[in-house]
Amino acid sequence: MSVKYESIVPWGRSFQEYVNMFNLTFDDLDKSILSCGDGPASFNSTMKKSGKTVVSIDPLYNLNRRTIEKKIEETYETVMGQTKYNEDKFVWSTVKDVEELGNIRMTSMREFLSDYETGKIENRYITAELPYLPFENNQFELALSSHFLFLYTENLSLDFHMNSIDEMLRVSEEVRIFPLLDMNAVPSIHLPYVVESLTKKGCKVEKIGVNYEFQKGGNSMLKITK
Ligand SMILES: C[S@@+](CC[C@H](N)C(=O)[O-])C[C@H]1O[C@@H](n2cnc3c(N)ncnc32)[C@H](O)[C@@H]1O
């Protein structure tokens, strides 16, 4: 069986997962960070608690807290089901089974929900949708994409990927993307074209190993500097 999502689901990871996925150093955490397709991840909330500011964008943020909470509840069954049927595609070491995974994710998403309304008022959660970002050129030092680009290769075209990365590079000095695999833990078919095209444009493009592997073989990120 293969993993397939008809649409892009709201599902959220933790601060520590972001640190590991993107090799975020103490210096990185002090940068002005834009996190794209951040959904119900708790990275923004935890950063705020330690006195740092992240701006997250996601089309999900046009909904109120209660509606997002309901969407998360609906998504829970779908993601748990797909993960259970595809257990062999994941590394069960840090997380021991699907049930524990569900608990970890729900803890992160509850943290997001508790911060959501305040974060909206503080403009930390902004409704926006790649490939367009409502920001000035070079407004950020670092732009992140976790579990959106490359992962949804079946749902999002190569053009969408190129336009989205160009837009992230317009508003930020550097872009980091994780994972480089699609839903079925296969390297995204878009990756070679993206790397070639960005390199031709004069960007520095590096595939960097990271201390995070949940999808089997999914332990590198793409770092793009313009
Ligand atoms: C699987 S979630 C990942 C959430 C978070 N980044 C993480 O890793 O925990 C994918 C997110 O992409 C968002 N999304 C869908 N279309 C988008 C678009 N065009 N631009 C930005 N985000 C989008 C969804 O709403 C969803 O919250």
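Named according to an unreviewed UniProt entry, the protein is SAM-dependent methyltransferase originating from Methanobacterium congolense.

A.B. asks: When you look at the site of the ligand in this model, what are you seeing that I'm missing?
C.D. replies: The local shell around the ligand holds 20 residues, among which Arg13, Gly37, Asp58, Leu130 and Ser146 are the closest. Contact distances for the ligand include 2.8 Å between an oxygen atom and a backbone N or O atom of Arg13. With respect to the ligand, the side chain of Ser146 contributes an N or O atom lying 2.4 Å from an oxygen atom. Here the ligand, which alone exposes 600 Å², has 94% of that area covered by the protein. For the ligand, the cavity whose grid points lie within 2 Å of the majority of its atoms is the largest pocket.

A.B. asks: Help me out: how do you make sense of the nonpolar core in this one?
C.D. replies: One broad rule of soluble globular proteins: the nonpolar side chains tend to lie buried together. By size, the foremost hydrophobic cluster in this structure holds 36 residues, and its most contacted members are Phe22 and Phe43. The next biggest cluster of nonpolar side chains, apart from the first, holds 33 residues, and it includes Cys36, Ala128, Leu133 and Met183.

A.B. asks: Before we go on, may I ask you to explain helix 7 (residues 191-200) in this structure?
C.D. replies: Given 3.6 residues per turn, any residue in an α-helix points the same way as the ones three and four places further on. Those residues of helix 7 not exposed but buried are Leu191, Val194 and Leu198. Summarising the axial view, the buried residues of helix 7 lie within an arc of 65 degrees, below the 170-degree limit, and thus occupy one face. Turned more than 90 degrees away from the buried face of helix 7, the exposed residues are Pro192, Tyr193 and Lys200. Packed against the buried residues of helix 7 are helix 6 (158-171), strand 6 (204-209) and strand 7 (220-225). Gly202, located one to two residues past helix 7, shows a positive phi value of around 100 degrees.

What counts and what doesn't
Residues numbered from 1 in each chain as written. Predicted model: local features only at pLDDT ≥ 70, side-chain atom pairs only at ≥ 80, totals over all residues. Heavy atoms only, no water. Near = heavy atom within 4 Å. Polar contact = N/O pair within 3.5 Å; in protein donor to acceptor, adjacent residues only side chain to side chain. Areas by Shrake-Rupley, 256 points an atom, 1.4 Å probe, with all protein chains shown as cover. 1 Å grid on protein atoms, 1.4 Å probe; cavity = no way out; pocket = protein on both sides within 12 Å on 5 of 7 lines; lining within 4 Å. Sits in = over half its atoms within 2 Å of the grid points. Core = buried A, V, L, I, M, F, W, Y, C linked by side-chain atoms within 4.5 Å. Buried < 20%, exposed > 50% of the residue type's maximum accessible area, 1.4 Å probe, protein only. Helix = DSSP H or I, 4+ residues; strand = E, 2+ residues; numbered from the N terminus. Arc of directions from axis to C-beta. Contact = heavy atoms within 4.5 Å.

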